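# Structure assessment
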Amino acid sequence: MKRLIKRYSFFLYALLAAVAITALNREIGFKTFALAGASFKQMLAVLPPIMLLLGLMDVWIPREKMIKYMGDNSGLIGIFLAILIGSIAAGPMYAAFPFTAVLLRKGVKFSNIITFMGAWCVTKIPTVMFELAALGYRFTFVRLLINIPGIIIMGLMVQWLLKEEQLREIYSSAEGME
Amino acid sequence: MTTYLLYGGTLFLFAISYIKDKEKTKIALKKGWKSFENVMPQFLGIIFIIGLMLAVLKPEVISSLIGGNSGFLGVAASAVVGSITMMPTFVAFPVADMLLKNGAGYPQIAALVSTLTMVGVVTFTMETKYIGKRAALYRNLLAFLYAFIVAFIIGKAMGVGA
């Protein structure tokens, strides 16, 4: 119980703060709770199945295969796959984080992981649909045209900026994480 | 729609997995639950912070900051707002559209959308747990800077005939 409280202390403080704000300003407080509730609902709509699929992927896809197709020598195929997996994803950015842990454990090249995270943010198909509807095809098309090379370059740059031992540390800490 | 597809697809794959290998499926279930539970402590706190932010930051406030004539400063302001706020995409795009109709400029909106989706200050600590402080910092920083390039090019592209 004590461990649980400690683990969720950030949440409990945030909840207390929201309650305090509601006492001070009803309107802002209620709106905060309504918005938090909406976020929670949105999370429930996508996160549980995504995490379960992640578990399946972890169990069924062998490391050797992942290294071959997305590892250090995977070249263009690795980049293509990183963008593809990111694009068919659903869910907000934070849902991508547990994926990175599995990709790290499976020996995927770091630049491909960053590109995957980028794709998750900008080329995700459900999101692009929303964007088309809200902002029009011209805006969406131009943005994709700039963003696709952008996420590839960002992946390569982040990897390039990190030292060999820093990369090793990231990979080994992912080993200990479920 | 996406939700039904996701839940249905997951159920289907788990059924296949279960037929093929009971043990592996149990491990997958456990691993899935663990990664879900791992996200929760931070997630539950973050949604209140985001809720509060959105409750305080009204669209009119944002709109006045990033009007069509606000230029580079407006783009910078949008990028900062986009970085610290986090919105579900189904909220972000309609909001962007509303801001445009209220007089915000295209480059500013491009910077806002770019950073809203790619840069996460509130989720930063969560991100460092997975890819480390340094990599998370570089990724967010590069995405932040890249938003300016996107803003510039979108501004050029939408300026013609838009």
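## Regarding the pattern of salt bridges
Residues and elements named next belong to chain B. Throughout the structure, instances matching the rule amount to eight salt bridges over all chains. Between Lys101 and Asp97 there is a salt bridge, with its nearest N and O atoms 2.8 Å apart. Of the two residues, Lys101 and Asp97 both sit in helix α5 (residues 89-101), four residues apart, roughly one turn of that helix. Two residues, Arg139 and Glu127, come together in a salt bridge whose shortest N-O distance is 2.6 Å. Highlighted residues: Arg139 in helix α8 (residues 133-159) and Glu127 in helix α7 (residues 124-131), separated in sequence by twelve residues.

## Side note on the environment of Asn38 of chain B
Inspection of the secondary structure assignment puts Asn38 of chain B in helix α2 (residues 22-56). The spacing of Asn38 of chain B and Tyr18 of chain B is 20 residues in sequence and 24 Å in space, taken between C-alpha atoms.

## Thoughts on the domain arrangement of chain A
For chain A, the domain assignment lists domain 1 (1-45) and domain 2 (61-175). Distance between the C-alpha centres of domain 1 of chain A and domain 2 of chain A: 31 Å.

## Focus: helix α6 (residues 96-105) of chain A
Residues and elements named next belong to chain A. Among the ten residues that make up α6, ten are buried, leaving the element largely enclosed by the rest of the structure. Along α6, the residues classified as buried are Ala96, Phe97, Pro98, Phe99, Thr100, Ala101, Val102, Leu103, Leu104 and Arg105. Phi turns positive, to about 80°, at Gly107, one or two residues after α6.

## Brief notes about the packing of aromatic side chains
Note on aromatic pairs: each is described by the distance of the centres and the angle between the planes. In the structure shown here, the tally under the stated rule is twelve aromatic pairs over all chains. Geometrically, the ring pair formed by Phe11 of chain A and Phe48 of chain B is tilted, given 6.2 Å between the ring centres and 40° between the ring planes. Of this pair, Phe11 of chain A sits in helix α2 (residues 9-24) while Phe48 of chain B sits in helix α2, each in a different chain. Phe48 of chain B carries the same exposure label as Phe11 of chain A, and that label is buried. The interplanar angle of 75° and the centroid separation of 5.7 Å between the aromatic rings of Phe116 of chain A and Trp120 of chain A together place this pair among those described as edge-to-face. In this pair, Phe116 of chain A and Trp120 of chain A both sit in helix α7 (residues 110-122), four residues apart, roughly one turn of the helix. Residue class for Phe116 of chain A comes out buried when judged on its relative accessible area of 1%.

Reading the values: rules and limits
Residues numbered from 1 in each chain as written. Chains lettered and ligands numbered in written order. Predicted model: local features only at pLDDT ≥ 70, side-chain atom pairs only at ≥ 80, totals over all residues. Heavy atoms only, no water. Salt bridge = Lys/Arg side-chain N within 4 Å of Asp/Glu carboxyl O. Helix = DSSP H or I, 4+ residues; strand = E, 2+ residues; numbered from the N terminus. Domains from an automatic or database assignment. Buried < 20%, exposed > 50% of the residue type's maximum accessible area, 1.4 Å probe, protein only. Phe/Tyr/Trp six-rings, centres within 6.5 Å; stacked < 30°, edge-to-face > 60°.

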